[in-house]
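Observations on the model geometry
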Amino acid sequence: LVTDRGQGNGLHAGLWSVDKATGFRSQITDSGSFNGGHSAPDSVVVDVGGNIFMGDVEGPTWLGGAGTYCYEYGDCGALFFVNRATKALTVLTDFGNPAQGPRGEDGGYSLVLDNDGTFLMVDTYYSLNNVDTGAVFRVDPTGVPAGARSVLTTQLTHFSTIALGADGSILLGDC
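A few points on the structure. Residue indices follow the written sequence of each chain, beginning from 1 at its first position. The predicted nature of this model means local features are confined to residues of pLDDT at least 70 and side-chain atom pairs, given and counted, to a pLDDT of 80 or more, with totals for whole chains, interfaces and linings taken over all residues. To get the side-chain values, take all heavy atoms of the structure and skip hydrogens and water.

1. Some points on the sheet that holds strand 13 (residues 148–154)
Applied cut-off: Only strands joined by at least two bridges in the DSSP assignment are considered to pair. Numbering of helices and strands runs from the N terminus, with a helix taken as a DSSP run of H or I at least four residues long and a strand as a DSSP run of E at least two residues long. Note on definitions: angles span 0 to 180 degrees between N-to-C directions of axes, and those axes are lines fitted to C-alpha atoms, for helices only across the stretch in contact.
The strand order across the open sheet formed by four strands is 8-9-12-13, and the pairing between neighbours is antiparallel. Single-partner strands in this sheet number two, and they are strand 8 (110–113) and strand 13. In this sheet, adjacent strand axes meet at a mean angle of 25 degrees when their direction is disregarded. With four bridges joining them, strand 8 and strand 9 (residues 119–123) adopt antiparallel strand pairing. Note on strand 9: the bridge partner recorded for Leu111 is Met121.

2. Details of the nonpolar core
Inclusion rule: As used here, the term nonpolar core means buried Ala, Val, Leu, Ile, Met, Phe, Trp, Tyr and Cys residues forming a set that is joined through side-chain atoms within 4.5 Å. For the exposure calls, accessible area comes from a 1.4 Å probe over protein chains only, and a residue counts as buried if that area is under 20% of its type's maximum, exposed if over 50%, partly exposed in between.
The biggest cluster of nonpolar side chains holds 13 residues, and the ones touching the most others in it are Leu79, Phe95, Leu111, Phe119, Met121 and Val139. Elements represented by at least two residues in this core include exactly strand 9 and strand 12 (135–140). Top element by residues in this core is strand 12. It accounts for three residues. Membership of the second largest hydrophobic core comes to eight residues, among which are Leu15, Ile28, Ile52 and Phe80.

3. Here's the deal with the side chain of Asp56
Formally: Positive residues here are Lys and Arg, negative ones are Asp and Glu, while His and the chain termini are left out of the count. The salt bridge criterion pairs a side-chain nitrogen of Lys or Arg with a carboxyl oxygen of Asp or Glu, the two atoms within 4 Å. In protein, a polar contact means a hydrogen-donor-capable atom and an acceptor-capable atom, both N or O and within 3.5 Å, with residues adjacent in sequence counting only if both atoms are side-chain atoms; elsewhere, any N or O pair within 3.5 Å suffices. Any two residues having at least one pair of non-hydrogen atoms within 4.5 Å are treated as being in contact.
Looking at where Asp56 falls in the secondary structure, it is placed in strand 5 (residues 52–56). It is Arg5 that comes nearest to the buried, bridge-free Asp56 among opposite-charge side chains, at 6.8 Å. Within the structure, the side chain of Asp56 is placed 2.8 Å from the backbone nitrogen of Ala40, a separation counted as a polar contact. When near neighbours in sequence (up to four residues on either side) are disregarded, Asp56 contacts Ser31, Ser39, Ala40, Pro41, Gly77, Ala78, Phe80, Gly107 and Gly108.

4. Some points on the packing of aromatic side chains
Describing an aromatic ring pair means giving the distance of the ring centres and the angle of the ring planes. Operational definition: In summary, the pairing rule links any two rings of Phe, Tyr or Trp, Trp by its six-membered ring, whose centres are within 6.5 Å, and it sorts them by plane angle into stacked for under 30 degrees, edge-to-face for over 60 and tilted for everything else.
Enumeration according to the criterion identifies five aromatic pairs in this entry. Between the aromatic rings of Phe53 and Phe119, the centroid separation amounts to 4.8 Å while the plane-to-plane angle is 55 degrees, which identifies the pairing as tilted. Of this pair, Phe53 sits in strand 5 while Phe119 is found in strand 9, placing the two residues 66 residues apart along the sequence. An identical accessibility class is assigned to Phe53 and Phe119; each is buried.

5. Concerning the pattern of salt bridges
Within this structure, the stated rule accounts for four salt bridges. A salt bridge links Arg25 to Asp4, with the nearest nitrogen and oxygen atoms 3.3 Å apart. Within this pair, whereas Arg25 is found in strand 3 (residues 25–29), its partner Asp4 is found in strand 1 (residues 2–4), the two being separated by 21 residues in sequence. Overall, the relative accessible area of 43% leaves Arg25 in the partly exposed class. Judged by its relative accessible area of 24%, Asp4 is partly exposed. Its salt-bridge partner being Asp42, residue Arg5 comes within 3.1 Å of it at the nearest N-O pair. With a gap of 37 residues between them, Arg5 in the loop between strand 1 and strand 2 (14–18) and Asp42 in strand 4 (residues 41–46) connect regions that are remote in the sequence. Residue Asp42 is classed as partly exposed on the basis of its relative accessible area, which comes to 25%. Connected through salt bridges with shared partners, the residues Asp114, Asp116 and Arg138 form a single ionic network.

6. Focus on unusual backbone geometry
A cis amide bond, omega -5 degrees, links Val144 with the succeeding residue Pro145. Although it is not a glycine, Lys87 adopts a positive phi angle of roughly 70 degrees. Looking at the element boundaries, Lys87 is found in the loop between strand 6 (78–82) and strand 7 (89–94).

All we've got here are geometric facts, nothing functional implied.
Encoded structure:
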């Protein structure tokens with residue numbers, strides 16, 4: 001699976017499957033069309049059941065009330081469930097929705113599924129006291145509320161990748 005941020009002019013962002021034998025790719029979802037042309041998928045995870053989850057640093061376009069927009073560009077990032085059959089995206093957490101936890105700036109740069117069924121997501125531009133500090137979020141898609149998230153750690157400016165060690169330790173890669 002490969003994420004593609006798209007480049008405008010009708011080249012919407014999306015998620016693609018690449019055939020290992022031929023190198024040809026087929027589109028799984030056009031997240032740009034789904035989200036009004038505004039999408040920047042950067043990470044993807046497949047669980048043991050074959051379910052696909054995608055981190056998108058710009059989607060969805062949050063239409064909540066005043067004060068819910070992100071600090072710099074308006075959209076805060078999201079974690080989507082991707083339905084391979086219908087190509088539909090379901091928002092599991094919207095980093096611009098304060099009802100789900102601390103607001104992000106660009107949640108979704110890097111994504112990993114933790115052993116407990118929650119997701120760990122990097123937000124390189126998370127802002128703490130109006131300073132870009134970066135953060136690792138834990139997202140619980142079955143939590144209360146659904147998509148509940150919390151900040152695990154901050155001051156990770158420009159850390160762009162996350163992985164889970166065999167022993168369950170959280171590994172961060174510096175950009």
